[in-house]
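The lines below spell out each chain.
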Amino acid sequence: MIPILAPLEANLRAAAKALAAGELVAFPTETVYGLGASAGDALALARVFEVKRRPFFDPLIVHVSSPADLSDICGTVPDLAARLMEKFWPGPLTLVLPKSDRIPDLATSGLPTVAVRMPAHPVALELIRLAGPLAAPSANPFGRLSPTSAPHVQDAFAGGIAMILDGGPCSVGVESTILSLEGETPVLLRRGGLSREDIEAVIGPIALGASVADLPQAPGQLAGHYAPRTPLRLLKSAGGRGKFTGPGRFGLLAFRGVDISGSGAPAVIEVLSPTGDLREAAARLFSCLHRLDRAGLDGIEAESVPENGLGAAIMDRLRKAEAGSGPNPEGV
Ligand code: AMP
Ligand code: MG
(Lines give C-alpha, C1' and ligand atoms only; values in the text may rest on other atoms or scores of the structure.)
(Ligands and ions follow the chains in the order given, each with its own letter.)
Protein backbone atom coordinates (compact mmCIF):
# COMPACT_ATOMS: atom_id res chain seq x y z
CA MET A 1 0.00 0.00 0.00
CA ILE A 2 1.17 3.53 -0.71
CA PRO A 3 2.02 5.12 2.66
CA ILE A 4 -0.15 7.96 3.97
CA LEU A 5 1.96 10.44 5.95
CA ALA A 6 0.99 13.27 8.29
CA PRO A 7 2.09 16.65 6.94
CA LEU A 8 4.97 17.06 9.40
CA GLU A 9 8.03 19.06 8.41
CA ALA A 10 10.19 15.89 8.23
CA ASN A 11 7.66 14.21 5.93
CA LEU A 12 7.42 17.30 3.71
CA ARG A 13 11.20 17.26 3.38
CA ALA A 14 11.14 13.57 2.49
CA ALA A 15 8.44 14.30 -0.08
CA ALA A 16 10.51 17.12 -1.60
CA LYS A 17 13.49 14.77 -1.78
CA ALA A 18 11.42 12.12 -3.54
CA LEU A 19 10.16 14.73 -6.03
CA ALA A 20 13.73 15.90 -6.71
CA ALA A 21 14.62 12.26 -7.45
CA GLY A 22 11.86 12.10 -10.08
CA GLU A 23 9.31 10.27 -7.96
CA LEU A 24 5.61 11.16 -7.61
CA VAL A 25 3.98 12.46 -4.43
CA ALA A 26 0.25 12.84 -3.83
CA PHE A 27 -0.60 15.97 -1.87
CA PRO A 28 -3.69 17.81 -0.63
CA THR A 29 -5.04 21.00 -2.15
CA GLU A 30 -8.28 22.84 -1.39
CA THR A 31 -9.83 21.47 -4.63
CA VAL A 32 -8.86 17.79 -4.85
CA TYR A 33 -5.71 15.73 -4.07
CA GLY A 34 -2.99 16.19 -6.69
CA LEU A 35 -0.48 13.72 -8.09
CA GLY A 36 2.64 15.85 -8.16
CA ALA A 37 5.80 15.65 -10.23
CA SER A 38 8.58 18.19 -10.48
CA ALA A 39 7.35 20.49 -13.29
CA GLY A 40 10.72 20.67 -15.07
CA ASP A 41 11.41 16.90 -15.02
CA ALA A 42 10.11 15.37 -18.26
CA LEU A 43 10.70 11.80 -17.06
CA ALA A 44 8.71 12.39 -13.89
CA LEU A 45 5.92 13.97 -15.96
CA ALA A 46 5.84 10.86 -18.14
CA ARG A 47 5.35 8.81 -14.96
CA VAL A 48 2.30 10.90 -14.04
CA PHE A 49 0.63 10.04 -17.35
CA GLU A 50 1.63 6.38 -16.96
CA VAL A 51 0.43 5.95 -13.36
CA LYS A 52 -2.89 7.72 -14.07
CA ARG A 53 -3.27 6.11 -17.51
CA ARG A 54 -3.94 9.62 -18.73
CA PRO A 55 -3.71 10.33 -22.48
CA PHE A 56 -0.71 12.45 -23.44
CA PHE A 57 -2.92 14.99 -25.22
CA ASP A 58 -4.41 16.08 -21.86
CA PRO A 59 -2.09 18.81 -20.45
CA LEU A 60 -1.24 19.23 -16.76
CA ILE A 61 -1.66 22.20 -14.42
CA VAL A 62 1.56 23.57 -12.91
CA HIS A 63 1.15 24.46 -9.23
CA VAL A 64 3.16 27.36 -7.80
CA SER A 65 3.66 28.73 -4.29
CA SER A 66 3.58 32.40 -5.32
CA PRO A 67 2.94 34.55 -8.41
CA ALA A 68 6.71 35.20 -8.47
CA ASP A 69 7.23 31.55 -9.56
CA LEU A 70 5.63 32.45 -12.90
CA SER A 71 8.76 34.22 -14.12
CA ASP A 72 10.31 30.78 -14.87
CA ILE A 73 7.16 29.22 -16.22
CA CYS A 74 5.34 31.77 -18.35
CA GLY A 75 6.53 33.92 -21.22
CA THR A 76 4.57 37.03 -20.40
CA VAL A 77 2.03 37.70 -17.68
CA PRO A 78 -0.71 40.04 -18.97
CA ASP A 79 -2.11 42.76 -16.67
CA LEU A 80 -5.42 40.95 -16.53
CA ALA A 81 -3.68 37.86 -15.13
CA ALA A 82 -1.99 39.98 -12.49
CA ARG A 83 -5.37 41.41 -11.45
CA LEU A 84 -6.95 37.98 -11.23
CA MET A 85 -4.03 36.57 -9.23
CA GLU A 86 -4.20 39.50 -6.85
CA LYS A 87 -7.89 38.87 -6.27
CA PHE A 88 -8.20 35.08 -6.37
CA TRP A 89 -4.81 33.53 -5.53
CA PRO A 90 -4.23 31.42 -3.63
CA GLY A 91 -7.43 29.70 -4.69
CA PRO A 92 -9.28 27.50 -7.16
CA LEU A 93 -8.54 29.53 -10.31
CA THR A 94 -6.20 28.15 -13.00
CA LEU A 95 -4.91 30.58 -15.62
CA VAL A 96 -3.75 29.52 -19.07
CA LEU A 97 -0.83 31.74 -20.13
CA PRO A 98 1.96 31.74 -22.73
CA LYS A 99 4.60 29.20 -21.71
CA SER A 100 8.37 29.54 -21.32
CA ASP A 101 10.96 27.03 -22.63
CA ARG A 102 11.68 25.74 -19.13
CA ILE A 103 8.45 23.77 -19.04
CA PRO A 104 8.73 20.46 -20.93
CA ASP A 105 6.27 20.03 -23.82
CA LEU A 106 4.96 16.93 -22.08
CA ALA A 107 3.42 19.12 -19.34
CA THR A 108 1.44 21.13 -21.89
CA SER A 109 0.84 18.41 -24.50
CA GLY A 110 2.85 20.47 -26.95
CA LEU A 111 0.69 23.59 -26.55
CA PRO A 112 2.37 27.03 -26.56
CA THR A 113 0.52 27.81 -23.32
CA VAL A 114 0.77 26.51 -19.76
CA ALA A 115 -1.94 26.22 -17.11
CA VAL A 116 -0.87 27.60 -13.70
CA ARG A 117 -2.42 27.79 -10.26
CA MET A 118 -1.49 28.68 -6.68
CA PRO A 119 -3.42 26.33 -4.37
CA ALA A 120 -4.92 27.61 -1.11
CA HIS A 121 -3.64 24.81 1.11
CA PRO A 122 -0.77 25.17 3.58
CA VAL A 123 0.62 21.67 2.90
CA ALA A 124 0.61 22.18 -0.88
CA LEU A 125 2.25 25.60 -0.54
CA GLU A 126 4.96 24.35 1.81
CA LEU A 127 5.69 21.34 -0.41
CA ILE A 128 5.99 23.58 -3.49
CA ARG A 129 8.25 25.98 -1.57
CA LEU A 130 10.55 23.07 -0.75
CA ALA A 131 10.35 21.21 -4.07
CA GLY A 132 9.67 23.94 -6.62
CA PRO A 133 6.65 24.13 -8.98
CA LEU A 134 4.76 20.85 -9.33
CA ALA A 135 2.80 19.62 -12.34
CA ALA A 136 -0.15 17.87 -10.79
CA PRO A 137 -3.36 16.42 -12.15
CA SER A 138 -5.89 14.92 -9.77
CA ALA A 139 -4.57 11.83 -7.98
CA ASN A 140 -6.99 9.31 -9.50
CA PRO A 141 -6.95 6.94 -12.48
CA PHE A 142 -7.95 8.91 -15.59
CA GLY A 143 -11.70 9.29 -15.97
CA ARG A 144 -12.61 8.12 -12.48
CA LEU A 145 -14.00 9.87 -9.39
CA SER A 146 -11.70 12.61 -8.13
CA PRO A 147 -9.99 12.11 -4.74
CA THR A 148 -10.92 14.47 -1.91
CA SER A 149 -9.17 12.59 0.91
CA ALA A 150 -5.89 10.69 1.37
CA PRO A 151 -7.64 7.26 1.60
CA HIS A 152 -9.35 7.96 -1.77
CA VAL A 153 -5.86 8.16 -3.31
CA GLN A 154 -4.59 5.08 -1.47
CA ASP A 155 -7.59 3.02 -2.59
CA ALA A 156 -7.19 4.06 -6.24
CA PHE A 157 -3.56 3.02 -6.90
CA ALA A 158 -1.57 -0.14 -6.24
CA GLY A 159 1.79 1.66 -6.48
CA GLY A 160 3.89 4.06 -8.53
CA ILE A 161 3.56 6.86 -5.95
CA ALA A 162 6.20 7.43 -3.24
CA MET A 163 3.78 8.71 -0.59
CA ILE A 164 0.50 10.46 0.08
CA LEU A 165 0.62 13.55 2.29
CA ASP A 166 -2.54 13.71 4.37
CA GLY A 167 -4.16 17.12 4.63
CA GLY A 168 -7.63 15.91 5.62
CA PRO A 169 -10.70 16.35 3.45
CA CYS A 170 -10.56 19.00 0.69
CA SER A 171 -12.48 22.16 1.57
CA VAL A 172 -13.60 23.10 -1.97
CA GLY A 173 -13.95 19.56 -3.30
CA VAL A 174 -14.23 20.22 -7.05
CA GLU A 175 -11.38 20.99 -9.45
CA SER A 176 -10.23 24.53 -10.20
CA THR A 177 -11.97 26.83 -12.64
CA ILE A 178 -9.82 27.18 -15.78
CA LEU A 179 -9.62 30.51 -17.58
CA SER A 180 -7.59 31.03 -20.72
CA LEU A 181 -5.86 34.38 -21.10
CA GLU A 182 -4.13 33.36 -24.30
CA GLY A 183 -6.06 35.74 -26.56
CA GLU A 184 -7.51 39.22 -26.21
CA THR A 185 -10.58 38.10 -24.28
CA PRO A 186 -10.63 35.65 -21.39
CA VAL A 187 -12.29 32.30 -22.13
CA LEU A 188 -13.73 29.92 -19.53
CA LEU A 189 -12.38 26.44 -20.32
CA ARG A 190 -13.66 24.54 -17.29
CA ARG A 191 -16.16 25.33 -14.57
CA GLY A 192 -14.83 24.70 -11.10
CA GLY A 193 -14.32 25.87 -7.54
CA LEU A 194 -14.46 29.59 -8.37
CA SER A 195 -17.79 30.60 -9.89
CA ARG A 196 -18.12 32.36 -13.22
CA GLU A 197 -20.15 35.04 -11.41
CA ASP A 198 -17.26 35.75 -9.00
CA ILE A 199 -14.82 36.17 -11.89
CA GLU A 200 -17.19 38.35 -13.91
CA ALA A 201 -17.72 40.60 -10.89
CA VAL A 202 -14.02 41.50 -11.18
CA ILE A 203 -13.25 41.50 -14.92
CA GLY A 204 -16.65 41.73 -16.61
CA PRO A 205 -18.23 39.22 -19.03
CA ILE A 206 -16.14 36.21 -20.02
CA ALA A 207 -16.64 33.97 -23.05
CA LEU A 208 -17.38 30.27 -22.71
CA GLY A 209 -15.00 27.80 -24.38
CA ALA A 210 -16.63 25.39 -26.83
CA SER A 211 -16.79 22.41 -24.47
CA VAL A 212 -18.17 24.51 -21.61
CA ALA A 213 -20.82 26.17 -23.80
CA ASP A 214 -21.93 22.81 -25.22
CA LEU A 215 -22.37 21.13 -21.88
CA PRO A 216 -26.00 21.75 -21.04
CA GLN A 217 -27.19 20.95 -24.55
CA ALA A 218 -25.26 17.80 -25.24
CA PRO A 219 -24.27 15.85 -22.15
CA GLY A 220 -24.51 12.59 -24.07
CA GLN A 221 -21.70 13.68 -26.42
CA LEU A 222 -19.17 14.02 -23.65
CA ALA A 223 -16.35 11.67 -22.95
CA GLY A 224 -17.04 10.19 -19.54
CA HIS A 225 -15.13 11.65 -16.64
CA TYR A 226 -15.39 11.86 -12.84
CA ALA A 227 -17.13 8.53 -13.23
CA PRO A 228 -18.17 5.93 -10.66
CA ARG A 229 -18.04 2.25 -11.63
CA THR A 230 -21.67 1.94 -10.65
CA PRO A 231 -24.05 3.15 -13.42
CA LEU A 232 -25.22 6.67 -12.56
CA ARG A 233 -28.35 8.39 -13.81
CA LEU A 234 -28.83 12.12 -13.45
CA LEU A 235 -32.38 13.13 -12.57
CA LYS A 236 -33.54 16.08 -14.58
CA SER A 237 -35.20 18.31 -12.02
CA ALA A 238 -33.69 19.81 -8.91
CA GLY A 239 -35.05 18.05 -5.86
CA GLY A 240 -37.13 15.64 -7.90
CA ARG A 241 -36.62 11.91 -7.85
CA GLY A 242 -37.47 9.62 -10.72
CA LYS A 243 -38.27 5.98 -10.52
CA PHE A 244 -35.20 3.78 -10.53
CA THR A 245 -35.69 1.68 -13.61
CA GLY A 246 -32.93 -0.91 -13.39
CA PRO A 247 -33.08 -4.15 -11.40
CA GLY A 248 -31.58 -4.47 -7.92
CA ARG A 249 -30.50 -2.04 -5.23
CA PHE A 250 -29.93 1.60 -5.95
CA GLY A 251 -28.54 4.57 -4.07
CA LEU A 252 -29.63 8.19 -4.14
CA LEU A 253 -27.39 11.23 -4.25
CA ALA A 254 -29.78 13.87 -2.94
CA PHE A 255 -29.13 17.59 -3.03
CA ARG A 256 -30.83 18.66 0.21
CA GLY A 257 -33.89 16.95 1.63
CA VAL A 258 -35.04 13.49 0.76
CA ASP A 259 -38.57 12.55 -0.10
CA ILE A 260 -38.66 8.78 -0.22
CA SER A 261 -42.39 8.46 -0.65
CA GLY A 262 -43.64 6.85 -3.84
CA SER A 263 -41.44 4.44 -5.76
CA GLY A 264 -39.07 1.93 -4.18
CA ALA A 265 -36.88 3.42 -1.47
CA PRO A 266 -33.16 3.73 -2.14
CA ALA A 267 -30.88 1.31 -0.23
CA VAL A 268 -28.41 4.12 0.50
CA ILE A 269 -28.93 7.87 0.58
CA GLU A 270 -26.22 10.51 0.56
CA VAL A 271 -27.25 14.13 1.06
CA LEU A 272 -24.96 16.81 -0.41
CA SER A 273 -26.15 19.65 1.79
CA PRO A 274 -29.16 19.51 4.14
CA THR A 275 -29.42 23.32 3.99
CA GLY A 276 -29.03 23.52 0.21
CA ASP A 277 -25.66 25.28 0.41
CA LEU A 278 -23.86 24.82 -2.94
CA ARG A 279 -20.40 25.28 -1.39
CA GLU A 280 -21.05 22.49 1.08
CA ALA A 281 -22.52 20.38 -1.73
CA ALA A 282 -19.37 20.85 -3.86
CA ALA A 283 -17.10 20.00 -0.93
CA ARG A 284 -19.03 16.77 -0.28
CA LEU A 285 -19.72 15.75 -3.89
CA PHE A 286 -16.88 13.30 -4.51
CA SER A 287 -16.83 11.79 -1.02
CA CYS A 288 -20.58 11.05 -1.32
CA LEU A 289 -20.02 9.53 -4.76
CA HIS A 290 -17.09 7.42 -3.50
CA ARG A 291 -19.28 6.03 -0.70
CA LEU A 292 -22.15 5.26 -3.07
CA ASP A 293 -19.74 3.62 -5.50
CA ARG A 294 -18.44 1.32 -2.74
CA ALA A 295 -21.86 0.35 -1.41
CA GLY A 296 -22.32 -2.59 -3.80
CA LEU A 297 -25.27 -0.96 -5.57
CA ASP A 298 -26.69 -1.75 -9.00
CA GLY A 299 -27.29 1.90 -9.76
CA ILE A 300 -26.99 5.46 -8.50
CA GLU A 301 -29.57 8.19 -9.07
CA ALA A 302 -28.28 11.75 -8.67
CA GLU A 303 -30.53 14.75 -8.20
CA SER A 304 -29.80 17.88 -10.20
CA VAL A 305 -28.72 20.99 -8.31
CA PRO A 306 -29.41 24.65 -9.21
CA GLU A 307 -26.90 25.81 -11.83
CA ASN A 308 -25.90 29.12 -10.26
CA GLY A 309 -22.57 29.69 -8.49
CA LEU A 310 -20.78 26.41 -7.69
CA GLY A 311 -23.88 24.53 -8.84
CA ALA A 312 -22.62 24.89 -12.43
CA ALA A 313 -19.39 23.04 -11.53
CA ILE A 314 -21.34 20.34 -9.67
CA MET A 315 -23.68 19.77 -12.63
CA ASP A 316 -20.68 19.61 -14.99
CA ARG A 317 -19.23 16.79 -12.86
CA LEU A 318 -22.57 14.97 -12.59
CA ARG A 319 -23.20 15.10 -16.35
CA LYS A 320 -19.76 13.71 -17.06
CA ALA A 321 -20.18 11.09 -14.32
CA GLU A 322 -23.43 9.98 -15.99
CA ALA A 323 -21.76 9.79 -19.41
CA GLY A 324 -18.81 7.74 -18.16
CA SER A 325 -20.25 5.63 -15.35
CA GLY A 326 -20.04 1.86 -15.44
CA PRO A 327 -17.14 -0.60 -15.42
CA ASN A 328 -15.58 0.79 -18.65
CA PRO A 329 -15.90 4.56 -18.76
CA GLU A 330 -15.92 6.15 -22.22
CA GLY A 331 -13.11 8.44 -21.13
CA VAL A 332 -10.50 5.70 -20.78
P1 AMP B 1 -6.69 18.45 -14.28
O2 AMP B 1 -7.09 17.25 -15.08
O3 AMP B 1 -7.64 18.82 -13.21
O4 AMP B 1 -5.28 18.40 -13.85
O5 AMP B 1 -6.76 19.69 -15.26
C6 AMP B 1 -6.06 19.70 -16.44
C7 AMP B 1 -6.90 20.36 -17.46
O8 AMP B 1 -6.45 21.70 -17.63
C9 AMP B 1 -6.76 19.74 -18.83
O10 AMP B 1 -7.65 18.67 -18.97
C11 AMP B 1 -7.11 20.89 -19.74
O12 AMP B 1 -8.51 20.96 -19.90
C13 AMP B 1 -6.67 22.12 -18.95
N14 AMP B 1 -5.41 22.64 -19.44
C15 AMP B 1 -4.18 22.41 -18.95
N16 AMP B 1 -3.24 23.06 -19.66
C17 AMP B 1 -3.90 23.72 -20.62
C18 AMP B 1 -3.48 24.59 -21.67
N19 AMP B 1 -2.20 24.88 -21.88
N20 AMP B 1 -4.44 25.09 -22.46
C21 AMP B 1 -5.73 24.79 -22.26
N22 AMP B 1 -6.18 23.99 -21.29
C23 AMP B 1 -5.28 23.46 -20.47
MG1 MG C 1 -8.73 15.09 -13.04
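Scoring rules and cut-offs
- Residues numbered from 1 in each chain as written.
- Chains lettered and ligands numbered in written order.
- Predicted model: local features only at pLDDT ≥ 70, side-chain atom pairs only at ≥ 80, totals over all residues.
- Heavy atoms only, no water.
- Pairing = 2+ DSSP bridges.
- Helix = DSSP H or I, 4+ residues; strand = E, 2+ residues; numbered from the N terminus.
- Expected span 1.5 Å × (residues − 1).
- Bend = angle between axes of the 7 residues up to and from the residue.
- Buried < 20%, exposed > 50% of the residue type's maximum accessible area, 1.4 Å probe, protein only.
- Polar contact = N/O pair within 3.5 Å; in protein donor to acceptor, adjacent residues only side chain to side chain.
- 1 Å grid on protein atoms, 1.4 Å probe; cavity = no way out; pocket = protein on both sides within 12 Å on 5 of 7 lines; lining within 4 Å.
- Points joined across faces, edges and corners; volume = space filled by probe spheres on them.
- Nonpolar A, V, L, I, M, F, W, Y, C, P; charged D, E, K, R; others polar.
- Near = heavy atom within 4 Å.
- Areas by Shrake-Rupley, 256 points an atom, 1.4 Å probe, with all protein chains shown as cover.

Asker: Help me out: how do you make sense of the sheet that holds strand β8 (residues 163-165) in this one?
Answerer: Picture the strands of a sheet paired through backbone hydrogen bonds; they go either parallel or antiparallel. Read from one edge of the open sheet, eleven strands run β1-β8-β2-β3-β7-β4-β6-β5-β9-β10-β11, paired in mixed fashion. On the outer flanks of this sheet lie β1 (4-5) and β11 (207-208), each paired with one strand and no other. The sheet contact formed by strand β4 (residues 61-63) and strand β6 (residues 113-117) spans three bridges and is parallel. Across the sheet, residue Val 62 finds its bridge partner in β6, namely Val 116.

Asker: Looking at this structure, how should I read helix α9 (residues 278-293)?
Answerer: Given 3.6 residues to a turn, an α-helix orients residues that are three or four positions apart in the same direction. Compared with the 22 Å implied by 1.5 Å per residue over 16 residues, the 22 Å span of α9 between its first and last C-alpha is a close match. Of all the bends in α9, the greatest measures close to 45 degrees and is centred on Arg 284. Among the residues of α9, those classed as buried are Leu 278, Ala 281, Ala 282, Ala 283, Leu 285, Phe 286, Ser 287, Cys 288, Leu 289, His 290 and Leu 292. Structurally, the start of α9 carries an N-cap: the backbone nitrogen of Arg 279 is 2.9 Å from a side-chain oxygen of Asp 277.

Asker: For this particular structure, what's the right way to read empty space enclosed by the protein?
Answerer: Once rolled over the atoms, a probe with the size of a water molecule shows which space is left empty. On inspection of all chains with the given rule, the structure shows two cavities of 30 Å³ or more. For the largest cavity, the calculated volume is near 60 Å³. When contributions to the lining of the largest cavity are tallied by element, the ones reaching two or more residues are α7 (196-203) and α10 (311-324).

Asker: Explain the layout of surface pockets here, please?
Answerer: Looking at the second largest pocket, its volume works out to about 290 Å³. The wall of the second largest pocket is formed by 15 residues, among which Arg 144, Ala 156, Arg 229, His 290 and Asp 293 lie closest to the centre. The set of elements that each furnish at least two residues to the lining of the second largest pocket consists of α6 (150-156) and α9. The leading source of residues in the lining of the second largest pocket is α6, at three residues. By residue class, the composition of the lining of the second largest pocket is five nonpolar, four polar and six charged.

Asker: Would you explain the site of ligand 1 in this entry?
Answerer: Close contacts around ligand 1 come from 15 residues, with Arg 54, Asp 58, Thr 113, Ile 178 and Arg 190 the closest. Residue Arg 54 places a side-chain N or O atom 3.1 Å away from an oxygen atom belonging to ligand 1. At 2.9 Å, a side-chain N or O of Arg 190 approaches an oxygen atom of ligand 1. Starting from 490 Å² of accessible surface for ligand 1 in isolation, the protein chains cover 81%. Listed by contribution, the elements that provide at least two residues to the shell around ligand 1 are β6 and β10 (187-190). Examining the composition of the shell around ligand 1, we find that three residues originate from one element, β6, more than from any other. When grouped by side-chain class, the residues that make up the shell around ligand 1 number ten nonpolar, one polar and four charged.

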